[in-house]
Amino acid sequence: MNTATKLSGFALGLAAVFGAAYGVGQVAGPDTPAVATRHDPTDAGHADGDHPTGAAPTNHLPGGLLVSDRGYTMQPMTAPAGEFAFRITGPDGRPVTRYDVAHDKRMHLIVARRDLSGFRHVHPELAADGTWRVASPLAGPGVWRAFADFTPTGGEPLTLGVDVTVPGALPARPLPAPATSTNVDGYTVTLTGTPQPGRTAELTLTVSRDGQPVTDLQPYLGAYGHLVALRQGDLAYLHVHPDGAPGDGRTPAGPAATFYAEVPSAGSYRLYLDFRHGDAVHTAEFTVVAGDPGVPATTAPAATTTPTADAGHGAPGHGHN
Ligand SMILES: [Cu+2]
């Protein structure tokens, strides 16, 4: 019963990701590498001549949008209740068992619901057969996006994403309004700086508690903070790099942590700052809007279908009516 439910959820997830490839997901179980065998990395539909055969065909995309990229495929596995399991298969079709350490870990698993709620960042354990397992971070029903952020030994850093459905009612949860201050676990975190489409922007997050700056942040994943950004609409996953590292002689342990972020387009993003203090990891979340919110992220379809509809569409998220 549980297995059947999970299989169903897996197929639904693939349908959302692949659209036309739904048939593949429908017949494939999590243990069947059907996706890998249907997606030769060298032929990924790039007839436009942009990429020589065999070169990384999807380098221009933000991370996390693909379940299979450059020959590597993320495959959720059936798992006991309360556990989340997956594996990564490599260009040879076999599970990858060797990974480089990046940000202190060999695998970063990030999950969020499609509505950008429920963010978790966890670190699974690798079994000898290439299966990654972790206590399930999927906190309740909904369609979740699970991102595997890793570097296969001998390969480039990669973030793959897959949809996973947890059955049950999903209450509508609109994206929280943009804000520059938020509270979490008794801490107040403020954000200065705004992401800019197509270029690097400096973002500084400042942590205080009870009105006092926190100056004894604890290192977490090799930094005084770890920042992930997800784009509303498709959950593109953005790496955000910290400025400085603990022990480098110039990076203070708070109250501020600085990051350099480049977002690929105008639009709304949810930022998730993980920081460690009091021997616990806390996550502060912010909604930010990059660029002119009145400009649709994708202008071409609107322009061709509603050529005179430019006026009166200044509201965010409304390309046309
Ligand atoms: Cu991590």
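This write-up is about the structure you can find in this document. All values derive from a computational prediction rather than experimental measurement.

Let's talk about the overall build of the protein chain
Next, step 1: Scanning the protein chain for helices and strands turns up four helices and 19 strands.
Next, step 2: Every one of the 321 residues in the protein chain was classed for burial, and the buried ones make up 42%.
Next, step 3: Long-range contacts, defined here as pairs at least 24 residues apart, represent 60% of the contacts in the protein chain between residues at least 6 apart.
Next, step 4: Only carbon and sulfur atoms are counted for the fraction: they give 52% of the accessible area of the protein chain, which is about 15,400 Å².

Let's talk about the sheet that holds strand 7 (residues 125-126)
Next, step 1: Pairing in this open sheet of five strands is antiparallel, and the strands run 1-2-3-8-7 from one edge to the other. Of all the strands in the sheet, just strand 1 (68-69) and strand 7 have a single pairing partner and so form its edges.
Next, step 2: Pairing analysis gives two bridges linking strand 1 to strand 2 (residues 72-77), with the strands arranged antiparallel. When the sheet's bridge partners are listed, Ser68 is paired in strand 2 with Thr73.

What to know about the packing of aromatic side chains
Next, step 1: This model, assessed by the stated rule, comprises six aromatic pairs.
Next, step 2: Judged by centre distance (3.9 Å) and plane angle (10°), the ring pair of Phe119 and Tyr272 falls under stacked. Of this pair, Phe119 sits in the loop between strand 5 (107-113) and strand 6 (120-122) while Tyr272 sits in strand 18 (residues 267-277), and the two are 153 residues apart along the sequence.
Next, step 3: On the accessibility criterion, Phe119 (7% relative accessible area) is buried.
Next, step 4: Cluster of aromatic residues (ring-pair linked, three or more members): Tyr99, Trp132 and Phe150.

What about the nonpolar core?
The nonpolar side chains of a soluble globular protein tend to be buried with one another.
Next, step 1: If you look at the biggest cluster of nonpolar residues, it comprises 27 residues, and the most contacted ones within it are Val189, Leu205, Leu227, Leu271, Leu273, Phe275 and Phe286.
Next, step 2: Of all elements in the fold, only strand 12 (187-192), strand 13 (200-209), strand 15 (226-231), strand 16 (237-242), strand 17 (256-262), strand 18 and strand 19 (280-290) reach the threshold of two or more residues within this core.
Next, step 3: Dropping the residues within four chain positions of it, Leu227 is found in contact with Leu203, Leu205, Leu238, Val240, Phe259, Leu271, Tyr272 and Leu273.
Next, step 4: By size, the runner-up hydrophobic cluster in this structure holds 23 residues, among which are Val67, Phe84, Val96 and Leu109.

Some words on the coordination of the copper ion
Next, step 1: For the copper ion, the full set of protein donor atoms is His108 (ND1), His121 (NE2) and His123 (NE2), and the range of their distances to it is 1.7 to 2.0 Å.
Next, step 2: Spacing between the donor residues of the copper ion along their common chain follows H-x12-H-x1-H. Taken together, the residues span a long stretch of sequence, with His108 in strand 5 and His121 in strand 6 at a distance of 13 residues. Both residues of the pair, His108 and His121, belong to the buried class.

Notes on the side chain of Arg145
Next, step 1: Position of Arg145 relative to the elements: it lies in strand 9 (residues 142-152).
Next, step 2: What makes Arg145 buried here is its relative accessible area of 1%.
Next, step 3: A distance of 2.9 Å separates polar atoms of two side chains, one belonging to Arg145 and the other to Asp163.

Description of the pattern of salt bridges
When charged atoms on two side chains of opposite charge get close, those side chains can pair.
Next, step 1: Within the structure shown, the criterion is met by 10 salt bridges.
Next, step 2: Arg70 serves as the salt-bridge partner of Glu156, at 3.0 Å between the closest nitrogen and oxygen. Placement of Glu156 in the loop between strand 9 and strand 10 (158-166) and of Arg70 in the loop between strand 1 and strand 2 is noted, with a sequence separation of 86 residues between them.
Next, step 3: Assessed through its relative accessible area of 46%, Glu156 is described here as partly exposed.
Next, step 4: A relative accessible area of 23% places Arg70 in the partly exposed class.
Next, step 5: Among the salt bridges present, the one from Arg250 reaches Asp248, with a minimum N-O distance of 3.8 Å.
Next, step 6: Taken together, the shared-partner salt bridges connect Asp69, Arg70 and Glu156 into one network.

Rules and cut-offs
Residues numbered from 1 in each chain as written. Predicted model: local features only at pLDDT ≥ 70, side-chain atom pairs only at ≥ 80, totals over all residues. Heavy atoms only, no water. Helix = DSSP H or I, 4+ residues; strand = E, 2+ residues; numbered from the N terminus. Buried < 20%, exposed > 50% of the residue type's maximum accessible area, 1.4 Å probe, protein only. Contact = heavy atoms within 4.5 Å. Areas by Shrake-Rupley, 256 points an atom, 1.4 Å probe, with all protein chains shown as cover. Pairing = 2+ DSSP bridges. Phe/Tyr/Trp six-rings, centres within 6.5 Å; stacked < 30°, edge-to-face > 60°. Core = buried A, V, L, I, M, F, W, Y, C linked by side-chain atoms within 4.5 Å. Donors = N, O, S within 2.8 Å, 3.2 Å for Na, K, Ca; no water. Polar contact = N/O pair within 3.5 Å; in protein donor to acceptor, adjacent residues only side chain to side chain. Salt bridge = Lys/Arg side-chain N within 4 Å of Asp/Glu carboxyl O.

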